[in-house]
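Descriptive analysis of the structure
One letter stands for each residue in the lines below.
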Amino acid sequence: MPHSYITRDIEGIVKTSARQFPALIITGPRQSGKTTLLKHLFLKDYTYVAMDAPALRLMAREEPDMFFQNHKPPLIIDEIQYAPELLSHIKIMIDKKRSLAGQFLLTGSQVFPLMAKVSESLAGRIAVFNLLSFSLREQFGSSMPNNIQLLKEKVLKGGFPEVSLKKGINLEVWFSSYLQTYLERDVRQLRQIGDLGDFQRFLQLLAAFNGQAINLSNFSRDLGVAVNTIKAWISILEASGQIITIKPFYMNKGKRIIKSPKVYFLDTGLLCYLSGIVSVPQVFKGPLSGQLLETIVLCEIIRDFHSLGKIPRIFWWRTSYGEEVDFIIEDKGKLIPIEVKLSAKADTKIIKGLSSFCALFSDKIDTAYLVNLASEKLILGKQIVSMPFFELINKPLLSRPTL
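Keep in mind the model is a prediction, meaning the values are calculated, not measured.

1. Details of the sheet that holds strand 5 (residues 126–130)
- Taken in spatial order, the five strands of this open sheet run 2-3-4-1-5, and their pairing is parallel. Only two strands of the sheet have a single neighbouring strand rather than two, namely strand 2 (47–50) and strand 5. Between one strand axis and the next, the sheet turns through 15° on average, direction left out of account.
- Pairing of strand 2 with strand 3 (residues 75–78), which is carried by four bridges, proceeds in the parallel orientation. Residue Tyr 48 lies in a different strand from strand 3, and its bridge partner there is Ile 76.

2. Examining the layout of surface pockets
- Roughly 690 Å³ of volume is contained in the largest pocket.
- Contributing to the lining of the largest pocket are 25 residues, with Asn 130, Ile 244, His 306, Ile 311 and Pro 312 lying nearest its centre.
- Of all elements in the fold, only helix 6 (111–122), strand 5, strand 6 (243–248), helix 15 (289–307) and strand 8 (314–318) reach the threshold of two or more residues within the lining of the largest pocket.
- It is strand 6 that contributes the most residues to the lining of the largest pocket, five residues altogether.
- In terms of residue class, the lining of the largest pocket is made up of 15 nonpolar, six polar and four charged.
- Looking at the second largest pocket, its volume works out to about 590 Å³.
- Lining the second largest pocket are 25 residues, and of these Gln 31, Ser 32, Gly 33, Thr 36 and Pro 161 lie nearest its centre.
- For the lining of the second largest pocket, the elements supplying multiple residues, two or more each, are helix 2 (34–42), helix 9 (161–165) and helix 10 (171–190).
- Top element by residues in the lining of the second largest pocket is helix 10. It accounts for six residues.
- Looking at the lining of the second largest pocket, its residues break down into eight nonpolar, nine polar and eight charged.

3. So, empty space enclosed by the protein
- Scanning the entire structure with this criterion turns up five cavities of 30 Å³ or more.
- Lining the largest cavity are 16 residues, and of these Phe 134, Leu 136, Gly 159, Thr 268 and Glu 300 lie nearest its centre.
- Of all the elements in the fold, those that place two or more residues in the lining of the largest cavity are helix 7 (136–140), helix 8 (148–157) and helix 15.
- Broken down by element, the residue count for the lining of the largest cavity peaks at four residues, all from helix 15.
- Grouping the constituent residues of the lining of the largest cavity by class yields six nonpolar, six polar and four charged.
- Of the pockets and cavities examined, the second largest cavity occupies roughly 80 Å³.

4. Some points on the pairing of strand 11 (residues 368–372)
- Burial runs high along strand 11: five of the five residues are buried.
- Note: strand 10 (residues 334–340) against strand 11, three bridges, orientation parallel. Its bridge partner being in strand 11, Ile 338 is matched across the sheet by Tyr 369.
- In this fold, the crossover linking strand 10 to strand 11 by way of helix 16 (residues 352–361) has right-handed handedness.
- In the sheet, strand 11 pairs with strand 13 (residues 384–388) via five bridges, with the strands oriented parallel. Looking across to strand 13, one finds that Ala 368 is bridged to Ile 384.

5. Looking at the packing of helix 11 (residues 196–208) against helix 13 (residues 227–239)
- Two numbers describe how helix 11 lies on helix 13: the axes approach to 11 Å, and their chain directions differ by 75°. Comparing their axes, helix 13 and helix 11 come out roughly perpendicular. Side by side, helix 11 and helix 13 meet where Asp 198, Phe 199, Phe 202, Leu 203 and Leu 206 of the first sit next to Ile 230, Trp 233, Ile 234, Ile 236 and Leu 237 of the second.
- Looking at side-chain class alone, the contact of helix 11 with helix 13 contains nine nonpolar, no polar and one charged residues.

6. Looking at the nonpolar core
- Core analysis: the biggest nonpolar cluster contains 75 residues, and Phe 199, Phe 202, Ile 314, Ile 329, Ile 338 and Phe 389 have the highest contact counts within it.
- Among residues more than four places away in sequence, those in contact with Ile 314 are Ile 246, Lys 247, Leu 298, Ile 301, Ile 302, Phe 305, Phe 327, Ile 328 and Ile 329.
- Among the nonpolar cores identified, the runner-up in size contains 23 residues, and Ala 60, Tyr 82, Ala 83 and Leu 114 belong to it.

7. Some words on the packing of aromatic side chains
- Using the criterion set out here, one finds 21 aromatic pairs in the structure.
- Ring-pair connections join several aromatic residues into one group, and the members of that group are Phe 160, Trp 174, Phe 175, Tyr 178 and Tyr 273.
- A cation sits over an aromatic face here: Lys 39 above Tyr 48, 4.1 Å from the ring centre.

Calculation criteria
- Residues numbered from 1 in each chain as written.
- Predicted model: local features only at pLDDT ≥ 70, side-chain atom pairs only at ≥ 80, totals over all residues.
- Heavy atoms only, no water.
- Pairing = 2+ DSSP bridges.
- Helix = DSSP H or I, 4+ residues; strand = E, 2+ residues; numbered from the N terminus.
- Axes fitted to C-alpha atoms, helices over the stretch in contact; angles between N-to-C directions.
- 1 Å grid on protein atoms, 1.4 Å probe; cavity = no way out; pocket = protein on both sides within 12 Å on 5 of 7 lines; lining within 4 Å.
- Points joined across faces, edges and corners; volume = space filled by probe spheres on them.
- Nonpolar A, V, L, I, M, F, W, Y, C, P; charged D, E, K, R; others polar.
- Buried < 20%, exposed > 50% of the residue type's maximum accessible area, 1.4 Å probe, protein only.
- Right-handed = clockwise from strand over helix to strand, strands pointing away.
- Parallel < 35°, antiparallel > 145°, perpendicular 65-115°, else oblique.
- Contact = heavy atoms within 4.5 Å.
- Core = buried A, V, L, I, M, F, W, Y, C linked by side-chain atoms within 4.5 Å.
- Phe/Tyr/Trp six-rings, centres within 6.5 Å; stacked < 30°, edge-to-face > 60°.
- Lys NZ or Arg CZ within 6 Å of the ring centre and 35° of its normal.

Here's what the structure looks like:
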């Protein structure tokens, strides 16, 4: 029995762009719903072809002219990274009918190498979007109840559509299979890795440092591999939409900023699996619980950016004096500082970092937020508000235009 379709926040900007651009591409991690989205929105008016089918892939690579004789636009081409040879031919076809919008709708994984080819062939002709796994807001339709137990269940599952929608699924088996498929298909294509066991151990170590500033030298020593290899592996995970690196916020206001990036996984289900969290009672237990809540908040904000067709501009801030803010969002010339705490408390010690940041950059800030598990919103200072976690989930911080 097919699963019911869940509306994606990105639908509005995708439909609008299909009426404006000759082509568009949706990238993102495997199993995030890219194909389902395009089929749901456009299949009745488009021909669909998948490049993971060997016969079609061979024709596309060796006889692209014949491929397009058999598959004419408007066309949905799934997993275009398997047949990048088509991109130059798509450019020629678009240029012959430049005023015709929505001729080609593409999906693809492996963002970095794929987008290099897309930029080379289709610059100025294509709209680019990133689709991650479900946000909490998408799963609950902007009405998630204030229920910690339910939140724990959702954190453990994460947002991959099959895991979210299928009842009684064995999470350990699913994520183990996902990782094996991902390792074999994406990792080996992006970089030749001699020992996949080393890469798997790296994944587990990275999960243990989720939400923390990473030291590449320490990783190299612990795993027995070169620093450049660690850098390459991080790039692979970013390229395939599994993690995001958050760089330090820096604006020269007289304070020295620590410059190590933080790494966050983009799906809490995968993060829990790699961290050995296999049951609901384990969620929000242990020393990394605070970083887990940070990850949830960050994932929602990143998905907000993507649903508006924007590149996320999110940073973190810490001074050599120990003042820290978890996330600094840059949007429309303004800064939105956010501190996340796994508690319901709100006192001056907790907001010390927010207060210091607001004092330095007050002219660029409308409101700074302490996101916690309190039950009601509180004003904590001139620019600082304590926002309940569930209110943040149900109401995006980024303003959304009418499409």
